[in-house]
Amino acid sequence: MNEAAAKEAVYRIVQHSGLLPTFTVREDAQVRTANAYIKGHERVIAYNPGFMARILDSTRTDWSAVSVLAHEIAHHLLGHTLDPDAMHPGDELACDRYSGFILHRMGATLEESLAAMEVAGNVHGTRSHPPKHARLAAIRQGWEEAGRLSVPGDRLTFTFVNDLTHVVRFAGDANTYYINARQELVWFDQYADPIAFGRLENAAGTAYPFTLTWQDQRYRVDGGGTIWSMGANGMDRQVGRMEPFVAPQRQGR
Ligand SMILES: [Zn+2]
């Protein structure tokens, strides 16, 4: 994919969002995979041409490049690039969901929408990216939602998820996460179905009754519900809170 084709793809993706394209698209061999960042007043989407060529080659569909670009566009649209050092698993899933949604709108099949993630797994180099199965689930969810919205007369349905036991919040991360009855760490935003991307494990007999894990991330949870990142030399940091989930009361009439 040359830069002109990438620009064209970004233009089309943004068109399907009903917005005007205000992005700078550029090839950049310094970027490991693909990246979204702000430079000055420019909103940049950069991609490694070798990475993109490998993705296109192994998936044999142009949609794979479109889905990578759509994911990066979502980081801009959702405001994640305003805080470039923050890496939140929920943000990655939200962008994956958007890529599935937009690819459906653009006419891609589910397989085409999943193709890049199937071969690359980690499309976007982050320190705390969610596992591939969760990211595939997020793309599928977005793709299916676009399908439901395109059916005329479809009514909004709200899902009540009733197997949540805890709420998990991390400092500086606007996402809300939950623990479900199977001790899975899940992300969902009230409109989406929960997606499991990590686990809560029992660590009985220690000062920290639980560990919270996903990919290479590992945190401890103390008896008071404080989530700790265990650093070297005892430099432990409080990074979040885990609290019992109280189901919201439904409003009576
Ligand atoms: Zn990303």
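Our subject is the structure listed above.
Here the structure is a predicted model, which means the values were calculated and not measured.

*Asks:* Can you help me understand the packing of aromatic side chains in this one?
*Replies:* Tallied over the entire structure, the rule returns eight aromatic pairs. Their ring planes at 90 degrees and their centres at 5.5 Å tell us that Tyr178 and Phe245 sit as a pair that is edge-to-face. Here Tyr178, found in strand 5 (residues 177-180), pairs with Phe245, found in the segment after strand 11 (237-244); they are 67 residues apart in sequence, far enough to count as distant. Ring pairs connect the aromatic residues Phe170, Tyr177, Phe197, Trp214 and Tyr219, which therefore count as one cluster.

*Asks:* Honestly, the coordination of the zinc ion in this entry has me stumped. Any pointers?
*Replies:* Under perfect tetrahedral coordination by four donors, a metal shows angles of 109.5 degrees; under perfect octahedral coordination by six donors, it shows angles of 90 or 180 degrees. Around the zinc ion, the protein contributes the donor atoms His71 (NE2), His75 (NE2) and Glu92 (OE), which lie 2.0 to 2.1 Å from the metal centre. All donors of the zinc ion come from a single chain, and their spacing in sequence reads H-x3-H-x16-E. Of the two residues, His75 is situated in helix 3 (residues 63-77) and Glu92 in helix 4 (residues 89-106); the sequence distance between them amounts to 17 residues.

*Asks:* Quick question: what am I supposed to make of the pairing of strand 9 (residues 217-221) here?
*Replies:* Within a regular beta strand, the side chains point alternately toward one face of the sheet and then the other, so they alternate between its two faces. Of the two faces of strand 9, the one holding Gln217, Tyr219 and Val221 is buried and the one holding Arg218 and Arg220 is not buried anywhere. Turn length for the strand 8 (residues 210-214)-strand 9 hairpin, with the two strands adjacent in sequence and antiparallel, is two residues, and the turn residue Gln215 shows positive phi of about 40 degrees. Both strand 9 and strand 10 (residues 226-229) contribute to a ladder of two bridges, which runs antiparallel. Across the sheet, the residue bridging to Arg220 is Trp228, located in strand 10. Taking the residues that link successive antiparallel strands as the turn, the strand 9-strand 10 hairpin has four residues, and the phi of Gly225 there is positive, at about 90 degrees.

Cut-offs used in this document
- Residues numbered from 1 in each chain as written.
- Predicted model: local features only at pLDDT ≥ 70, side-chain atom pairs only at ≥ 80, totals over all residues.
- Heavy atoms only, no water.
- Phe/Tyr/Trp six-rings, centres within 6.5 Å; stacked < 30°, edge-to-face > 60°.
- Helix = DSSP H or I, 4+ residues; strand = E, 2+ residues; numbered from the N terminus.
- Donors = N, O, S within 2.8 Å, 3.2 Å for Na, K, Ca; no water.
- Buried < 20%, exposed > 50% of the residue type's maximum accessible area, 1.4 Å probe, protein only.
- Pairing = 2+ DSSP bridges.

All quantities given are derived from atomic positions and should not be read as evidence of function.
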